[in-house]
Structures are given as C-alpha cells and as structure tokens.
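Spelled out from the first residue to the last, the chains are:
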Amino acid sequence: MVVRVPAGRMVGRDVELGRLLTLLADAEARRSVAALVSGDAGVGKSRLVSEVTQLAEGRGFTVLSGQCAELGDSVPYLPLADALRGAAQSTGVRDALASRPALSRLLPEGGDGRLAEEDRSGLARQQMFGLVLGLLTELAAVAPVLLVLEDLHWADASTRDLVTFLSRMLHRERVALIGTYRTDDLHRRHPLRPVVAELLRLPSVIAVNLVPLDPSALAEHLTAVLAEQYTTAPGRIDATVLNDIVARAEGNAYYAEELLAACLAGDPAGRNALPAGLAALLLSRIELLSDAAQQVLRAAAVAGRKADDELVRAASGLPADEYEAAVREAVTHQLLVPDGTEGYVFRHALLREAVYGDLLPGERTRLHGTMSSLLSEEQWLAMPGTAAELAQHCLASHDIPGAFAASVRAGEEAERLGAPAEAHRHYDQALALWERVAEPEKTAGMARGKLGLWSAITAADSGDYERAVHLLRRLRHLLAAQAERGPRDEAEPDVLLASRIGERLASYLMLLDDGKADEEAMEVARATVEATPAEPPTWQHARAVSTYANTLLIDDDTMAREQAERGHAAAQAAAAPWVQADALVTLGFISNREGRNDEAIKLLTEAHKQARQAMVLGVELRAAYHLARAHLERGDLALGGTVAYEGTKRANQTGLGMAPFGWDVQHLHFQCHFADGKWDHAQEIADGFPVRVTSVPEASLSSMALFIDVARGNPTVAERRAWIEPFWAAHGFDGFIARGLLAEHALWQGDAEQALAGAQIAISLADQAPWGYSPAAIRPAAIAMSVRADRAIQARAAGDDEATAAELAAAGELLRIAREGAAFPKRPKFILGPEGRGWLARAEAEYARASGRNDPQAWQAVLDEFGPAYAYETARTQWRLAEALAEAGRRDEADEQWRQAARTTDRLGARPLRRALDDLARRARIGAGPVTDQRGGAVLAALTSREREVLRLIAAGRSNREIASVLYIAPKTASVHVSNILGKLGAASRTEAAAIAHREGLSARPSGR
Ligand SMILES: Nc1ncnc2c1ncn2[C@@H]1O[C@H](COP(=O)(O)OP(=O)(O)OP(=O)(O)O)[C@@H](O)[C@H]1O
Ligand SMILES: [Mg+2]
C-alpha cells in the first residue's frame, strides 16, 4: 500500500533532507546506516521520505518501501510484506525471494499449509530475520538498497524486533534503513519507545525529528498548492486569508492544506466559522459530500488497510452505479486516492482516523460485522494477514465464535511466518475466549490443553521463557486436577499431551539460568517420564526421556548417560529420527566429557549424519557444533574446520546464523583458522562478527573476534570492549573469554596492572567451587604469571629480595591453579587437548622464568605440547625460547628460533608479537632487528647501537644491575658501557646523561619486561 503525497515541491526541510542524503552516501560507501524520522501526525514525515526515496531511485538504489497500518499491529511483518510486494516486480527482488521460500510466504501467493507438530523447531523467527538479512545483503551486492518502513508506531512486535536486528547486523552492506513514527502517538508505555531508545544507542543510527514548518515555508507551500490544484479559483484567496491559514495551521502542512481546501469549498467570508482542530475540520469537509460518498468513506475507514474496491463496495451496501459515482466524488474532493488497480486509500491516514472516530457505535459494530462476514470467505482468508484482521473485525462486532476461530487461524499463520510473538498473542486471545464458545474443541481443531501448549511454545520462541514457564506450570496443575476428578465421560485424559507439556516445561526451566529452576526442571522431567507410557512407542515418550537426560547433565553423567541411551532406543522404536539424533549428540557430549574421545567423535559423527538425513536443522547444528569442538579440542584443526564450515554454511543458508548453535559453529570455524594460522581468512570471519552488540550471542561472537584483534593489535579492540562490557555481569562465558583476551591486550600494551586484574577475574570465573578449577583457568593463569615473572626479574635485578619473594609466591599460587585446572577435579576423566597442555607447559616455563631459571628446555616443552599446527602459539613460544637461549649464551640457536618466530609473525601480521621480537633482538643482539634508532642527531652520533640501548635504560632510571639483566650482559660489562657513554657525551653524571638523552629525543621505550 502506498499513500500518495502530492508531487508538488517540498518546502523547507533542507537540513533534514541533507542528513538523509548523507545517509544514502554512507550506504553507497558500504557503511550501513539507519535513520529514525519522527514528528507529529501530518508534520511531513512521509513527504520528506518520499523525496529521499525518489532521489535514491535516481542514484540507482533498489528501494523497498512498506507501511504499517493502524489495525495491523497484530499482523506479523505487515510493513515488510508491503515492501516486498511493492518491489516484487523487479527481477532482482523476485529472484532473491524465489530462493527464500519462507520469505515468499509473506506475499499473497505465498501458499498455505498447516504446520506439522514436529516441525516446530522454535527457530522460525531467527530464521526469518536471517533470511531478510540475507535478502538485503544479496540485493546490496548488485546496487545499494534503501529500506523504508513507515509508521512504526503501528508496527507489530516481530517487525520491531526485526528493525533492531537489522540495525545491528548490517554494517558493511550497502543498505540504508529509514523508519518513521509519530511522536504524538508514542505514549509513555508505547512498545516502540524502548526500541527507539535502544536503536539510538547505536552509532550508526541517527534521529531526524521534524519540527513544525516555519510560516514562510508554509505560505510558500500553500501558494504552490493553490497554483497547482485550484487553477480555476486562484483569485479567490487573498494574502490575509493565506496568512490566517498559516497562523492557524501552526506549522502543520497537512492541516494547512485542509484549511485551504475548506476555505475554498465554503464561503470565504465565513472562514471564521471553520471548526477548531484538525479532526473537526476534516469532518466538516466530509459533511459537504453526498450521503453515498460519505457512506463509501465510512466503509473504507472500517476496511482499514485493505480498502479493496470489492470489499468497500459490498460494505457500503450501495448499488454498483451509485457506488461508482460516490467513489468518483470522494476522489474528486481529494479524500480518496486510487491505489493501484485494487482499490483506494485515504489521501491521508489522519482522514481515515477522523472518519473512523466519528462513526456511531451501532454503525461501527455493523460495519465491522459486514467486514467480518466478507473476510470469512476463503478467497480472502488465504491472503496472509487476513485472519488477524478478521479476528479484530469479529471482536469489534462482538462475534465471539468468529473471533475465536480467526484467532486460532491467525496464530497458526503467524507461526508459519516466523512471528512467534504475534502467534502467542493470537493463541492467548483464543484461550481467553474458550469458555464463551459453544464447541471450542471442534472449532479450534484441538483440545484446550494443546492450545495452551502452543501459546506457551510460541511465547518461548519469541524469547519470553518466563511467560512460557508460567503458562506451562498452570497447564500442568490444571491437568493434574482433572486427572484427580477422574476421566471425563467423553474423553480419556490425553497422556501424550500431558507429556509434551511436562517435557517443554522442563526444557524451558533449564533455559532460565537459575539453580532452583534447574532442580525443578529435573523433577518435572522425571515425573513426566514416569507418567508417559513407554508402550506403544511414541516420539513423545522418547523426547521426554531425552529431555530428562539433558536435565541430568547438570550434575550426574552416569545417570544422564543411562537416560540418553534409553531415549535413543525409544526414539528408534518410535521411528523418530530427530529425537534419536538429538539423544546421540547428548551421548557423544558425555563421552567427550568423560575422556572417551574416539567414541565421542564416532557418536557425534553419526548424530550429525542422522540429523542431516532427518532434515532437522536445530539438531544438525547442535551435532555440528559438538563434533567440530571435539575435533578442535584434540588438535584436529582441519577436520574441525571442515565440520564447522559446513555448519556455518547451513546456518547462513537457512537464516540461522544467529540462532543457538548457528553462531557457535561460526566461532568454531573462526577458531580453527585462528589456530592453524590462516589469519587472513580468520580475520575475514571475525570481521563479520558484530561489534555493536546488544544480545548475549552477539556479545559472545564479538568476544571471540578478540582472539585475532588482540593478537594483531587491531584498533577495533577498544570498540568491541565498550560494547561487550555491559554483558559481563549477566553472562559468565563471554566475560571469561573477553577478560582473558583483554588481559593479553593490556600486556602487549605494557599495562601490567590491568593485565593482572583482567587475568585474575578470568581465573576466578573458571573456579568451579567446591570442586576446584576447570581447564579454562590455565590460560589466564599463564598470562598472569608472565607479569609476575617480569616483575620478579626486575625486583631481583634491583636487589629487592622482599619484592622478589612476593612475586615468586604469587607465581607459585598461579602455577598451582594452572595445575589444578589441568587436573579438572570436577571431571577427572576428561582428557586435556594439545591447547590445554600447551598452556600448562607455558605456565610451567613462566614459573621457571620467574624463579630466575629461564630454561630453554621448559620452552621447548611448550613447543612440543602445542605441536606445529598452532602457528601463532609456536611463534609466541619461540620468542621466549630465543630469549632463554640468549640468556644461556646459546646465541646461534637463539638466533635461529628468533628468525623462525619473526617469519611466522610477519606472515600472520601479529604486530604486538613482532614488537616484542624487535625489542628482544635489540637487547640480546640476535636476529635481524629493525635498523637501530638513529634519532638523536650529532650529539648521539658517537655512540654505538649498544651504547644507545644502554643510554635508553639510563634515561629510564635503571641501575647497572638492572641494565645488565635487561640486556643479558654481566653487570661489569654494563658499568663499562656506562662510563664510556658518560665520556663520549661529556656528561658528569648518569642524571646528566639521562637529561641529554631526553633532550635528544631518545625515548625510554618500555622493553619486553
Ligand atoms: N515540507 C513540505 N513541503 C510540502 N508539502 C509538505 C511538506 N511537509 C508536508 N507536506 C504536505 O503535508 C501533508 C502531510 O504530510 P505527510 O503525509 O508527510 O505527514 P506525516 O508526518 O507523514 O503524517 P502521518 O504521521 O499522519 O503519517 C502532505 O499532503 C504533504 O504533501
Ligand atoms: Mg506519514
């Protein structure tokens, strides 16, 4: 539906237009952006946006433009459907839609079909979002895209979520998004309010607020309208009248236009008699029409968004010829505007609102009743969105059975369209009407319990687990009470339905992330298994057992395994491959946890295959994730990478990139390439991980990207950190990953204090009291220990025994933690993979370094544990190994390790490590360090490069012993260097030499320790 705005010249709004044109330019330059255009009704939002749309089309943009409708907030994705319908003539859009059947369902010819019970994977919404993202990306590859969504104050919940999702996820695609909304409609508890607030937090989203037009612009506009549209009567308006209209309209262009029209239609002398306020003015205009024309307008106002010709004619109750004449009259008076070939729209939404608001109560009920009997015909009902509208017409005409039936249908339709929030709303509506309908079971085609179950499931799918749990708890009590009363005469209590309710309740309880809920989940799952008959075999029984197994995973592997095996067998007997594959994943997961890695890989491979064959996406991704992780953990990077890549491809194709296990396989794919040293590829993947995150999965992905951003010293680190930090309190895992990596970043930046603090928190998050540390503690412990080692060495060189002892004690505690983590007291059978072993060996080597025995053999052990596949870790270890060898006086070997490390580091682009290597090269005089700093001009020209290093350390206030330690030379040698320097510089003291160094610009750059 396109609301026409007069094509006349736009007045004023230069600044606002300028900002929106910048938006287009940004999109063309691959910076995806969004603008929220707001302002009072009729102030000129649509006019401004239509100007931008035209200019965008002229610049080669593909424009998709859709509108929300006042009665449409229960119709899922209405503005998106509108936009797609409008653009579907273009071949590009048509092809992009054809390859995404789930999106095509939004279009009228999208087809129907009820959902099979097992199909409801709970992923439909994420899938829908992913598909829209994919569609825009695909279109944007050909030409920049402008997506306009008008009147978001009327948007459905799914559309609101979609707008948020797109604004966050689009970053390098050539896409601009413009949304408009009315400020005067946005009352304090309006659901769009928090969405606007959240969007405006994003740096890529701008707010364009339209204030009233200034009087001169308004006068200019009216003069233009007069010249263009009232060519026969230009002489009838004089300047005073015009000024009067401008003053009364208060900067609202639409109001001004209507005042002008009213003035011209009536007696100009009687203009003072014009009613006050826009609505009254509009009605006074309508009163001038014939009865038939008014009747048409009333019918059109009730028809709402679809003022379809056929519907309006039928609802107006006029004979054909009278109807035609009446419509023509409304069009001539610029009240209705033809919309395509199908029907009409009001020239302005405010006009429809005024007419609708003026209907008499009985009249309104009757017209809604007529509408509902018309829309009940299958020809209309087959069109997406009609059922939701029908439900509203029925409610407004007090047709309870009609509203009930339409709500059930609208719920199913919303579910099919991937809009669980709307589905839940419709199911809930139907439940509320249940008792007021004569044969509810027959009309709904299902029992009340089942309707309740769907209501809960869709609430959960829209992310509201609390509500789902609440509904299911109530349903369970209801069923229990019923069972106590004994079987009703007509029907046996449905044990399978009860089983589904219990099983879902247990599953959602586990997602609540709270210990008490976990216990309840276990209890509910156990009771559900007991109450579900095992014979004859059913998928419901198998599912109940498998879910029970999942609840047990929290603390009892043995029982969990038993139940998962039972669930697996039950699924096989019931021929339910999707349940079977899911149970296999659980079994594989347990095997992996218990250290039976070959068996785990075998089970997970089989589960993955079965899930693919059974075409159950959710299980397939779960299997892919666990399988890829098991490979990665054993150091089989190539195998892990392949499985994760396949999973990523599947997730993206099906729009599940950000769904559970969809994003997990993405980060595993990244990790495999981060580990194996294909860093350009790894960087490409990581760059796709969102930076401006506002949800837990996004924050997790962004944290993962830090692996490479930190190792390469990329500037994005700071921005990522700022966005993920708010999630640390709520979600342990990302906080753990990010804090550990940011500690490494701090270390590279020379901020030991911050590095230590971050690593300490990461370590504490790996504490699984009362058992003790998990292997996750090893890496941050090794990082913290390298700070301790640096400090212990410094303290020792400075002769500070107390500080040395303190640092060593702290390092000792860290080593204990690392060892405990490796032993994994909570799961003693777990087998540590090469990465864990590598980090443990590094912790041991760091401890030796802290104790003053920097041992080449210890570093060699680190290399051996990681194995050659881990490119970056190998180079990082060779750096320390070269240092240890240099300290031991084994210069040739040191040189060889250094060169190998430098080669890898340069290939990877690991800048911070390269800086550390250069620093080592200068101090230890090995490798091919960078050309020594020649700054300092003539005064320092007499110094050798070694003497410059020493002078730099003098300037940093280091003693001879400390200089000796940093440069791996004897204190005696250091003192010889110092006297030579003083001599060459003609300096009387160290202080004077330091002053010269500062003056000559020789920086006291922090060294590797
Ligand atoms: N800057 C302008 N120059 C010329 N005409 C304008 C301007 N702004 C608004 N108009 C005219 O005023 C009328 C109302 O504007 P518009 O439909 O854009 O308002 P709106 O803010 O979108 O209102 P709503 O909230 O009801 O959607 C239209 O007829 C439009 O052509
Ligand atoms: Mg508008």
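Residues numbered from 1 in each chain as written. Chains lettered and ligands numbered in written order. Predicted model: local features only at pLDDT ≥ 70, side-chain atom pairs only at ≥ 80, totals over all residues. Heavy atoms only, no water.

Caption draft 1: Fine view of the overall build of the protein. A tally of helices and strands in the protein yields 50 helices and nine strands. Based on the C-alpha atoms only, the size of the protein along its principal axes is roughly 110 × 85 × 45 Å. Counting only residues that meet the buried cut, the protein has 57% of its 1009 residues in that class. Put simply, of all contacts in the protein between residues at least 6 apart along the chain, 70% involve residues at least 24 apart. (Helix = DSSP H or I, 4+ residues; strand = E, 2+ residues; numbered from the N terminus. Buried < 20%, exposed > 50% of the residue type's maximum accessible area, 1.4 Å probe, protein only. Contact = heavy atoms within 4.5 Å.)

Caption draft 2: Summary view of the pattern of salt bridges. A complete count under the given rule lists 66 salt bridges for this structure. The shortest N-O distance in the salt bridge between R182 and D185 comes to 3.8 Å. Given a relative accessible area of 29%, D185 falls into the partly exposed group. For R720, the salt bridge goes to D709, with nearest N and O atoms at 3.0 Å. In this pair, R720 sits in helix α36 (residues 716–724) while D709 sits in helix α35 (residues 696–712), placing the two residues eleven residues apart along the sequence. For the residue pair R720 and D709, the accessibility class agrees, reading buried in each case. Salt bridges sharing partners connect three or more residues here, namely R500, E503, R504, R543, D582 and R622. (Salt bridge = Lys/Arg side-chain N within 4 Å of Asp/Glu carboxyl O.)

Caption draft 3: How the structure looks around the environment of L282. Tracing the backbone through its elements, the reader meets L282 in helix α12 (residues 278–286). Residue classification places L282 among the buried residues on the basis of a relative accessible area of 1%. Along the sequence, L282 and V355 sit 73 residues apart, while their C-alpha atoms lie 8.4 Å from each other.

Caption draft 4: Spatial organisation of the environment of R816. Topologically, R816 is positioned in helix α40 (residues 801–823). For the pair R816 and E844, spaced 28 residues apart in the sequence, the C-alpha separation amounts to 9.9 Å.

Caption draft 5: Molecular detail of the pairing of strand β6 (residues 336–339). Examined bridge by bridge, β6 and strand β7 (residues 343–346) share four bridges and lie antiparallel to one another. Directly across from V337, in β7, lies its bridge partner V345. Between the end of β6 and the start of β7, which pair antiparallel, lie three residues, with G340 showing a positive phi angle near 60 degrees. (Pairing = 2+ DSSP bridges.)

Caption draft 6: Highlighting the nonpolar core. Counting residues in hydrophobic clusters, the biggest one holds 281 residues, and the most contacted among them are L103, L106, L136, L166, L297, F670 and Y872. Apart from the residues lying within four places of it in its own chain, the contact partners of L103 are L80, L84, L97, M128, L131, V132 and L135. (Core = buried A, V, L, I, M, F, W, Y, C linked by side-chain atoms within 4.5 Å.)

Caption draft 7: Structural detail: the sheet that holds strand β3 (residues 145–150). One open sheet holds the five strands; their spatial order is β2-β3-β4-β1-β5, and the pairing between them is parallel. Of all strands in the sheet, those bounded by a partner on one side alone are β2 (62–67) and β5 (205–209). Going from strand to strand, the sheet's axes swing by 15 degrees on average, the running direction of each strand aside. With seven bridges connecting them, strand β1 (residues 33–39) and strand β4 (residues 175–182) associate as parallel partners. Within β4, the residue paired with V37 across the bridge is T180. Each of β1, β4 and β5 is contacted by helix α8 (residues 192–201), which is oriented at about 120 degrees to β5, the strand it contacts most. (Axes fitted to C-alpha atoms, helices over the stretch in contact; angles between N-to-C directions.)

Caption draft 8: Broad picture of the site of ligand 1. Neighbouring residues of ligand 1: 22 residues in total, closest V11, G42, K45, S46 and R47. At a separation of 3.3 Å, an oxygen atom of ligand 1 approaches a polar side-chain atom of R347. Between ligand 1 and H348, the relevant distance is 2.9 Å, taken from an oxygen atom to a side-chain nitrogen or oxygen of the residue. When isolated, ligand 1 has an accessible area of 630 Å², and the protein chains bury 98% of it. (Near = heavy atom within 4 Å. Polar contact = N/O pair within 3.5 Å; in protein donor to acceptor, adjacent residues only side chain to side chain. Areas by Shrake-Rupley, 256 points an atom, 1.4 Å probe, with all protein chains shown as cover.)

Caption draft 9: Just helix α23 (residues 448–461), in detail. With 14 residues, α23 should cover 20 Å at 1.5 Å per step; its first-to-last C-alpha distance of 20 Å lies within 8% of that length. Along α23, twelve of the 14 residues are buried, which leaves the element largely enclosed by surrounding structure. Of all the positions in α23, only G449, L451, G452, L453, W454, S455, A456, I457, T458, A459, A460 and D461 are classed as buried. Buried residues belonging to α23 abut α6 (124–142), α20 (400–416), α21 (420–433), α24 (465–484) and α25 (495–510). (Expected span 1.5 Å × (residues − 1).)

Caption draft 10: Inspection of the packing of helix α47 (residues 945–955) against helix α50 (residues 990–999) at higher detail. Their axes nearest at 8 Å, the elements α47 and α50 cross at an angle of 105 degrees. By the angle between their directions, the pair α47 and α50 is classed as roughly perpendicular. Residue-level contacts link L951, I954 and A955 of α47 to R990, A993, A994, A997 and H998 of α50. Of the residues contributing to the contact of α47 with α50, the split by class is six nonpolar, one polar and one charged. (Parallel < 35°, antiparallel > 145°, perpendicular 65-115°, else oblique. Nonpolar A, V, L, I, M, F, W, Y, C, P; charged D, E, K, R; others polar.)

Caption draft 11: Structural context of the environment of A265. Among the structural elements, A265 can be located in helix α11 (residues 253–265). Along the backbone, A265 and R285 are 20 residues apart, and their C-alpha atoms lie at a distance of 8.2 Å.

Caption draft 12: Local environment of the confidence of the model for the protein. Looking at the protein, the pLDDT average stands at 87 and 92% of residues meet or exceed 70. Low confidence marks residues 1–5, where pLDDT is under 50. Its contacts with residues over four positions away, or in another chain, come to 20 contacts. The model gives residues 111–119 a pLDDT under 50, and that stretch makes 14 contacts with residues more than four places away or in other chains. (pLDDT = per-residue confidence, 0-100.)

Caption draft 13: Region of the structure containing the packing of aromatic side chains. Tallying each qualifying case throughout the model produces 15 aromatic pairs. Measuring from centroid to centroid gives 5.9 Å for Y465 and Y508, while their planes differ by 40 degrees, and the two rings are tilted. Of this pair, Y465 sits in helix α24 while Y508 sits in helix α25, placing them 43 residues apart in sequence. Chaining the aromatic ring pairs together yields one cluster made of F670, F674, W679, F689, F707 and Y872. The side chain of R364 reaches across the aromatic face of Y356, ending 4.8 Å from its centre. Above the plane of the ring of W839 lies R842, whose end atom (NZ or CZ) is 4.4 Å from the centre. (Phe/Tyr/Trp six-rings, centres within 6.5 Å; stacked < 30°, edge-to-face > 60°. Lys NZ or Arg CZ within 6 Å of the ring centre and 35° of its normal.)

Caption draft 14: Structural context of the side chain of T386. Checked against the element boundaries, T386 lands in helix α19 (residues 386–396). On the basis of relative accessible area, T386 is assigned to the buried category, the value being 0%.

Caption draft 15: Layout of the packing of helix α33 (residues 662–676) against helix α34 (residues 679–687). Where α33 contacts α34, the two axes come as close as 8 Å, and the packing angle between them is 155 degrees. The angle between α33 and α34 falls in the class roughly antiparallel. Relative to α34, the crossing made by α33 is left-handed. For the pair α33 and α34, the contacting residues are Q666, H669, F670, H673 and F674 in the first and W679, H681, A682, I685 and A686 in the second. (Left-handed = near helix turned anticlockwise from the far one by under 90°.)

Caption draft 16: Expanded view of unusual backbone geometry. In this model, E535 is joined to P536 through a cis peptide bond whose omega is -10 degrees. Residue position: P536 is located in the loop between α26 (515–531) and α27 (539–552). A769 connects to P770 through a cis peptide bond whose omega is 5 degrees. Residue position: P770 is located in the loop between β8 (767–768) and β9 (772–773). Notably, Q334 is not glycine yet its phi reads approximately 60 degrees, a positive angle. Looking at the secondary structure, you find Q334 in the loop between α15 (320–332) and β6. By relative accessible area, which is 32% here, Q334 ends up partly exposed.

Caption draft 17: Region of the structure containing the side chain of E257. Take E257: it is sitting in helix α11. Judged by its relative accessible area of 15%, E257 falls in the buried class. Within the structure, E257 has its side chain in polar contact with the side chain of R347 (distance 2.7 Å).

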